[in-house]
Amino acid sequence: MKTATGVPQFMGVRVRRREDPALITGQGKYVADIHLDGLLYMAVLRSPYAHANILSIDTRNAEAVSGVVAVFTGADINPHLARPLPMIIGIDTDDDFKEKQNPPRYPLTTDKVRHVGDPVAVVIAEDPYIAADALDTIFVDYEPLDTVTAPEAALAEDAPAIHGDSNLAYRWFKEGGDVEAAFAKADTVVELRLVNQRLIPSAMEPRAVTASYDPTTESFTVWSTTQIPHGLRGALAGIFDLPEAQFRVIAPEVGGGFGAKGVTYNEEILVPFLARKLERPIRWVATRSEDNVATIHGRDQIDTIRLAATADGRVLGADLKIIADGGGYYSSVTPGIPPFTVQMMTGVYQIPATRAEILGVFTNKVPTEPYRGAGRPEAAYLIERAIDVLADELNLDPAEVRRRNFIPPDQFPYRTPSGAVYDSGEYAMNLDQALELVNYRALRAEQAERRQQGGKLLGIGLACYVEVCGFGPWESGTVTVDREGKVTILTGTSPHGQGHETTWSQIAAEALQIPLEDITVKHGDTAVVSHGIGTFGSRSAPVGGSAVMQNAETVRDQAQAVAAHLLEAAVEDMTLLDGQFQVRGVPERSVTWAEVARAAEGEDIPDALRGKLTADARFQPPGETYPFGTHVCVIEIDPETGALEILRYLTVDDCGRVINPLIVEGQVHGGITQGLGQALFEEAIYDELGNLVTGSFMDYAMPKAHLLPAYETNRTETPSPLNPLGVKGIGEAATIGSTPTVVNAVVDALSHLGIHHLDMPLTSQKIWQALQDAKD
Ligand code: MCN
C-alpha cells in the first residue's frame, strides 16, 4: 500500500501473519519436538487429596521398575535450592498488604498437600509411558485433613487452616475521595454481589519443559512453554544461586498462554535440576487433564459492589469488597491481581469517591494467577453490571446512564480516586458509534413490541470497558541493518500467538522503507536476545513495538547521515524513497541501504559516522495506556427451554493507532470468545472434598465454534500520548469487554420479569430455572 505521496505504507495495513504458514502446515517446533541424545522423561506424582499430611513416601517399587532411572521426592531436591519459587509481588515489603502471610513454596511438597494436583514426587525413566506407569507404584501415606474450597467458608474461624493458623492470606484497603459523604447524599444506592467464577486457561498446547546440562561449561539449556524466557532465566539463577549467564532459556513455538504461562512453575525448576543431577537431558510434557490441575487457574473473585447515585443516574461513589480466592499457594503474582480490579473499578466513569477492601484467601484449590485480563475483566464486569442494575432501578436507558457518567474528553490525563492515571479516551464518541452501527433504537423498539406480543425474549446488552495495559519497566527491540541491506530485529517480547514477527516487521519497514520480506524478527531465546521482559498485560505493542520504532528511527538517522556524506549532500536534503536514500528532487543521486551499511562499516568513512547500522535502546514507557471500547450483544431466549441464541455481537474497540488491523481483529475475535466462554459456558467446579469435577474437556465447557456468532468488529482511534507509535494494547481488551456485555444482554431479556442478576455461567438450565422461579 502507498500513501498519497507515493511512499509505501506498512503500518495500518492488513498484512497476513508471516508466522502462520509454518504453524498451519505442522512445521512449528514446540518444546515436545526438541530431540536430544539420551533424553529421559519425567512424570509427576500429584496428590489425589485436596488437603492431607504426608506421613511418608515409599519410592522403592517405582525404582525397581525396568526403565526407571530414578525417583525423587521433595526431600531430595528442596534443601539444595537457594530459595523457594518466586513470588514476585513484594507482599513482604508492600505496606498496602496487611495481616499477611507469605508461606514459602518448593517444587515438591514435603509436609502436606494443599490441592488436588499438588506435586509430591517425580519419576525419571527412559520412556514417557514407563515413567507414567511407575507413578502408580509409589506409595504415599496421606493423613487426610478437612478441606475447604469456598473462600467465604475458608475465612470462618473454625475452617481448616491451609498455612499457619488462618486462611486469610492478606487484607488490602484503599480509599479515595469522601465515600461516606457520597453515600449520605445519594438518592439511591444499588448493591450487587457478583461471583466471578474460576476458569481454566486452556491454551492449545499444555505446558512442557525440556532441559539439558553441560558439565564442561556448567551451563543449562531450558526449553519451556513460557511467555517470559528472560524472567525464567532470572528465576532459575535465583533458585539455583548461579549467575544468569549459566542459563539459556528458549521459548520455541508456544501454543498460546493467556497469562498462565507467564508464571514460574515447579517443573521448570525440577527438570533442569534433575538434568544436572543425572547428567542427561530430561523432558516433561503435561497431559491435558494434568495441565488442568498443574497450571494456574484464573478469576475466582466474589465482588460486592455498592453504588451511590443521584435520581438522574449520576454516580457519586462506589464501595467494593473483594474476596479473592488464591487457591492453595501464592504463585508468581497471585496477590497482585485483585488490586488491578480496584485500580479499574470506576471503569469509564467519573466517580469522585471510591473505597475498596480485598481479602485474599487460601483454599484447597489450584493457585490463581493472571488469566487474559487479570483483574480487569473482574472490574469491567462489576462496574458494567452495577451500571445496568442502576439504570434498571431508575428506569433509565442503560446507554444514557453510561453517557451521563463518562469521563469527558477534556479531563485527560484523568486520575481516578483509586489512583489510576488514564492517558486518553473518547468514550461518548465510541459509544455513539456502536449504538448507531447496531441500530440501538430500532432494537429497543423491537424489544418493547415483543414484550407485548410474547414469544422469544430479546435482550440487548452493552458494556463500555476501559483497561490498563502496556506495563513497564522497559522492553528491548534491537534493530540492525546488515551489509546486504537486510534487517534483523531482536525483541524481548515473547509472542505465543500474537503475531509479533509480522507487526514488528511492519513497524521497522515503515521507519526504514525496507520491504517486509527483508526483515527477520528473532525472539524467545536468551542466547540470541540478551535482555527482555516478555509478553503479558498487552504490553508488547505499546512497549516492545515502541522499542522497535525508536531503534529503527535511530538507525535511519544514522544511515541518512552516512548517505549524505556519500552523496556529498546536506543531511536535511536527504530523503528515503523506494528503499534508497536520495538527494531530494535528484533521484539519480541515490544510494541503497546495502551501500550505506557497507560504507558505514568501511575504512573510508569519518570516525563520527563509522559503525554498524544498529541501535538497541530500551523503551521505558512513562506510564500505562488505557484502551477502551463498547461491546453490544443481542440475544434471544426461548422462554420454554431457557435456550439462548446470540443474534449479533458488535464491537467498537479503541486501541489507539493500529499497526495491523487484521491481527487486531484476530485478537478481538479470540478475546470475545474467551469472555463469552466465561459468560455462558465455562466454570471450574470443585466438590466439597476438593476434587476438580470439571477436570477434563468432557466436563469443562469450552466455547465451540458452532455456538458462536459472526463478530462485527469496528474501531475508533484515540492515540496514546505515551509512546511514539500512539498505540494501546488489544490482546486482552475484548475478553474484558465481552463478559459483562453478554450477561447484561441476558439479564436485559429477563429484567421485565423481575430478574435483576444471575451469576455466570448463564447456562440454559440456569436461565430456565430463573424463569420458573420468576413465575412463582
Ligand atoms: N497490535 C496492533 N495494533 C495495536 C495494538 C496491538 O496491531 N494498536 C498488535 C500487536 O502488534 C500484536 C498484537 O496486536 O501483534 C497484540 O498486541 P498487544 O495488545 O500488545 O498484546 P501482547 O502482544 O503483549 O500479547 C499479550 C496479550 C495477552 S496479555 C494475552 S493473555 C493474550 C493475548 O495477548 N494471550 C494470547 N492474545 C493472545 N493471542 C493468542 N493467539 N494466544 C494467547 O495466548
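Residues numbered from 1 in each chain as written. Predicted model: local features only at pLDDT ≥ 70, side-chain atom pairs only at ≥ 80, totals over all residues. Heavy atoms only, no water.

Novice: Is there a simple way to think about the sheet that holds strand S23 (residues 574-577) in this case?
Specialist: With respect to topology, three strands assemble into an open sheet ordered S23-S24-S25, the strand pairing being antiparallel. Strand pairing shows two members of the sheet lacking a second neighbour, S23 and strand S25 (586-592), which therefore form its edges. When strand polarity is set aside, the average angle formed by the axes of neighbouring strands in this sheet is 35°. The strands that helix H17 (residues 593-601) touches are S23, strand S24 (580-583) and S25; relative to S25, the one it contacts most, it runs at about 55°. (Pairing = 2+ DSSP bridges. Helix = DSSP H or I, 4+ residues; strand = E, 2+ residues; numbered from the N terminus. Axes fitted to C-alpha atoms, helices over the stretch in contact; angles between N-to-C directions. Contact = heavy atoms within 4.5 Å.)

Novice: What is the right way to look at the sheet that holds strand S22 (residues 519-522) in this model?
Specialist: Two pairing modes exist for strands in a sheet, parallel and antiparallel, and in both the strands are linked by backbone hydrogen bonds. Pairing is mixed in the open sheet, where four strands are placed in the order S22-S21-S20-S26. With partners counted over all chains shown, the strands left at the sheet margins are S22 and strand S26 (613-615), one partner each. Averaged over neighbouring strand pairs, the angle between their axes works out to 15° when direction is ignored. Where strand S20 (residues 477-481) and strand S21 (residues 487-491) come together, five bridges link them in antiparallel fashion. Looking across to S21, one finds that Val481 is bridged to Val487. Packed on one face of the sheet, helix H15 (residues 500-512) meets S20, S21 and S22 and runs near 135° to S22.

Novice: Would you explain the pairing of S23 in this entry?
Specialist: Bridge count for S23 against S24 is four bridges, and the pairing is antiparallel. Residue pairing across strands places Leu576 opposite Phe581, the latter belonging to S24. Adjacent in sequence and paired antiparallel, S23 and S24 are bridged by two residues, among which Asp578 carries a positive phi angle near 50°.

Novice: For this particular structure, what's the right way to read the site of the ligand?
Specialist: By nearness alone, 34 residues border the ligand, and Gln498, His500, Ser540, Gln667 and Ile730 come closest of all. The separation between a nitrogen atom of the ligand and a polar main-chain atom of Cys655 is 3.0 Å. Residue Asn660 places a main-chain N or O atom 3.0 Å away from an oxygen atom belonging to the ligand. Across the complex, the protein chains shield 95% of the 830 Å² of accessible surface that the ligand would expose by itself. (Near = heavy atom within 4 Å. Polar contact = N/O pair within 3.5 Å; in protein donor to acceptor, adjacent residues only side chain to side chain. Areas by Shrake-Rupley, 256 points an atom, 1.4 Å probe, with all protein chains shown as cover.)

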